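# Structural description and commentary
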Amino acid sequence: MKPMAQLAMVMNLDKCIGCHTCSVTCKQTWTNRAGVEYVWFNNVETRPGQGYPRTYEDQSKWKGGWTLDRKGRLKLKGGGRYRKLFTIFDNPILPELSDYYEPWTYDYETLTTAPLQQHTPVARPKSLITGEDTKITWSANWDDNLAGAPELAQHDPLLKQVGDKVKFEFDRTFMFYLPRICEHCLNPACMASCPSGAIYKRTEDGIVLVDQDKCRGWRMCVSGCPYKKIYFNHRTGKAEKCTFCFPRMEVGLPTVCAETCVGRLRYIGVMLYDADAVAAVAATPDDKDLYAAQRDSFLDPFDPAVIAECEKAGIPRDWIEAAQNSPVYALINKYRVALPLHPEYRTVPMVWYIPPLSPVVDALRDTGHDAEDHGNLFAAIEALRIPVEYLAELFTAGDTGPVNDVLRKLAAMRSYMRDINMGRDTQPEIAARVGMSEEDVYEMYRLLALAKYDERYVIPPAHTEQAHGLEELATDCSLDYDGGPGMGGWGPFGETSGAPTPVAVENFRMLQNRQTADSSSSVKGGGRVNLLNWDGRGTTEGLMPERNGGKHRK
């Protein structure tokens, strides 16, 4: 056993109202720069719909994730190292800007500077890429609220898996919102696809990041990620992705998307897992067994043997306690109501979802029946095969059994709690029908509906004394200049204390300065620059060699 800790997230889709607050706050924090106008680290999709970029789930087209060869061994769908070598200068399996959308703004200046005239001036859309007039044809959530269905929704790759009749009936059956971020997988295909080795998974918390110094812009990671959550900055020539807001996580704060979520649908916590079992989980022969295999690979944080192994592996005690109090562990392994997104991609994702019960309740209410009665709800779940099958394509590789089990537990919780809220005697048989105790049903309800801030986000702060400055080792990866890793020497407070300000702190301060300043920020001291914080305008100090008499300094 090789225990490791992973920060993970669970989203309760029944509570998402599609307000996009999470997307906007993430955009303002991380991608409010030139070169990433089209990028949404966090986006909210309407289902059914094509997603962002459109039809990203069609892996027969995009070749993302992993598959098994004839001998049952894992291999990248996009090909191995030789294929990547031959296509390194011409990678054809990439989404184009039109698959995302061409970002635009409006010519507001015309409205304020136009002279007096008979007709009202018009603020025409302008491309943020070219600056020219453009025609708005697509956006990050063009399918919002089933807009354009069935003309647009019929291109949803998942609809092809659940029958032709759904294309005409689906929009009258149900609709829900699906927020998405990087999955921070245990077996990330993006990392395996990168020829430069620029993508790495942090050992202390499992967050997957892109080393901006090492990235050479080959864009193989964009092709390799089946969720298409890695993006290319066309101004800096670097790949960028969701960072799980690691500067916030290191001090115990939740991600920006979770912090600002109106519906309070996100939960963040620590999961302990056996690193030695990840390869076996990803190589599970049957796609439908992947969900159970991954769930079984998580370690019980209350098991004395697991605790002993974690301490032996150097996992801090407060991280073990955080895993014991983790809402993510409770939803995934205790109550078993959270499911992974597309486990068939074999990346072993760590952002899980509680499927929505609302479509079933809405359909039942439309028929005039009591939508809170457990008998009606259970029967409706079994009768509404189309939504369950669609949810199964999203979360369990097409296996409807686990989805049915989750929906039945959510239905039981709704019915059981109605009796309490109405002042009636509880019905223990409701909990028994889904294999739960009355105490478990109530505790699950409390976590899903009433949990406070500290219960939804159980995030232990980083231990810098073990991480050697955290991002200092990862971001400054070169050893050929003064001040590089291992070259800082000893200061008055121990190893590396005499080196410059740690990059993790520097990044966070730069981010704050850039967002509140009128001009672009630059790194001061050490001649270093982190391209993740460069806004793409001008030449940031430290980005290029200094000039001497009109020539670059040698």
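Here, the structure is the one placed above.
All figures in this text were calculated on a predicted structure; none of them were measured in a lab. (Residues numbered from 1 in each chain as written. Predicted model: local features only at pLDDT ≥ 70, side-chain atom pairs only at ≥ 80, totals over all residues. Heavy atoms only, no water.)

### Overview of the environment of Ala 258
Filter applied, for reference: Per the convention used, a helix needs a DSSP run of H or I reaching at least four residues, while a strand needs a run of E reaching at least two, with both numbered from the N terminus. Burial status follows relative accessibility: with a 1.4 Å probe on protein chains alone, a residue under 20% of its type maximum counts as buried, one over 50% as exposed, and anything between as partly exposed. Contacts are residue-level and defined by heavy atoms, with any inter-residue pair within 4.5 Å sufficient.
Considering the arrangement of structural elements, one finds Ala 258 in helix α10 (residues 256–259). Judged by relative accessible area, which is 1%, Ala 258 ranks as buried. With ten residues separating them along the chain, Ala 258 and Ile 268 place their C-alpha atoms 8.2 Å apart. Setting aside residues no more than four positions away along its own chain, Ala 258 makes contact with Arg 266, Ile 268 and Tyr 457.

### Digging into the sheet that holds strand β13 (residues 339–340)
Threshold: When DSSP locates at least two bridges between a pair of strands, those strands are taken to pair.
Within the open sheet, the four strands sit side by side as β12-β1-β14-β13. Their pairing is mixed. The open sheet is flanked by β12 (266–274) and β13, the only strands paired with a single partner. Note that β13 and strand β14 (residues 351–354) share two bridges and pair antiparallel. Looking at the pairing, Leu 339 lines up with Tyr 353 of β14.

### Quick notes on the pairing of strand β11 (residues 238–241)
Both faces of β11 are covered, namely the face carrying Lys 238 and Glu 240 and the face carrying Ala 239 and Lys 241. Of the pairings in the sheet, the one linking strand β10 (residues 230–233) to β11 comprises four bridges and is antiparallel in character. Note on β11: the bridge partner recorded for Asn 233 is Lys 238. Count of turn residues in the β10/β11 antiparallel hairpin: four residues, of which Gly 237 carries a positive phi of about 75°.

### Here's the deal with the packing of aromatic side chains
Going by this rule: Only Phe, Tyr and Trp rings are paired, with Trp represented by its six-membered ring, and only when their centres lie within 6.5 Å; those with planes under 30 degrees apart are stacked, over 60 edge-to-face, the remainder tilted. Comment: the charge-over-ring label is applied if NZ (Lys) or CZ (Arg) is within 6 Å of the ring centre and within 35 degrees of the ring normal.
Throughout the structure, instances matching the rule amount to 17 aromatic pairs. Their ring planes at 70° and their centres at 5.5 Å tell us that Tyr 52 and Tyr 100 sit as a pair that is edge-to-face. Placement of the pair is Tyr 52 in the loop between β2 (43–47) and α2 (59–62) and Tyr 100 in helix α4 (residues 97–100), with a sequence separation of 48 residues. By relative accessible area, Tyr 52 is classed as buried at 0%. Joined through ring pairs, the aromatic side chains of Tyr 38, Phe 41, Tyr 52, Tyr 100, Tyr 101, Trp 104 and Tyr 231 make up one cluster. Across the ring face of Trp 40, the terminal group of Lys 27 is positioned such that the distance to the ring centre comes to 5.0 Å.

### Quick notes on the nonpolar core
One broad trend across soluble globular proteins is that nonpolar side chains are buried collectively. Heads up, the rule is: Among buried residues, those of type Ala, Val, Leu, Ile, Met, Phe, Trp, Tyr and Cys that are joined through side-chain atoms within 4.5 Å constitute a nonpolar core. Residue ranges labeled as domains rest on an automatic or database domain assignment.
Ranked by internal contacts, the top residues of the largest apolar core, which has 135 residues, are Val 10, Leu 272, Leu 331 and Phe 395. Looking at this core, the element that brings in the most residues is helix α19 (residues 400–421), giving nine residues. Residues from two domains meet in this core; each of domain 1 (9–102 + 138–283) and domain 2 (290–456) gives at least three. Once you skip the residues sitting within four places of it in the chain, Phe 395 turns out to touch Leu 13, Leu 178, Leu 339, Pro 340, Leu 341, His 342, Pro 343, Tyr 353 and Pro 355.

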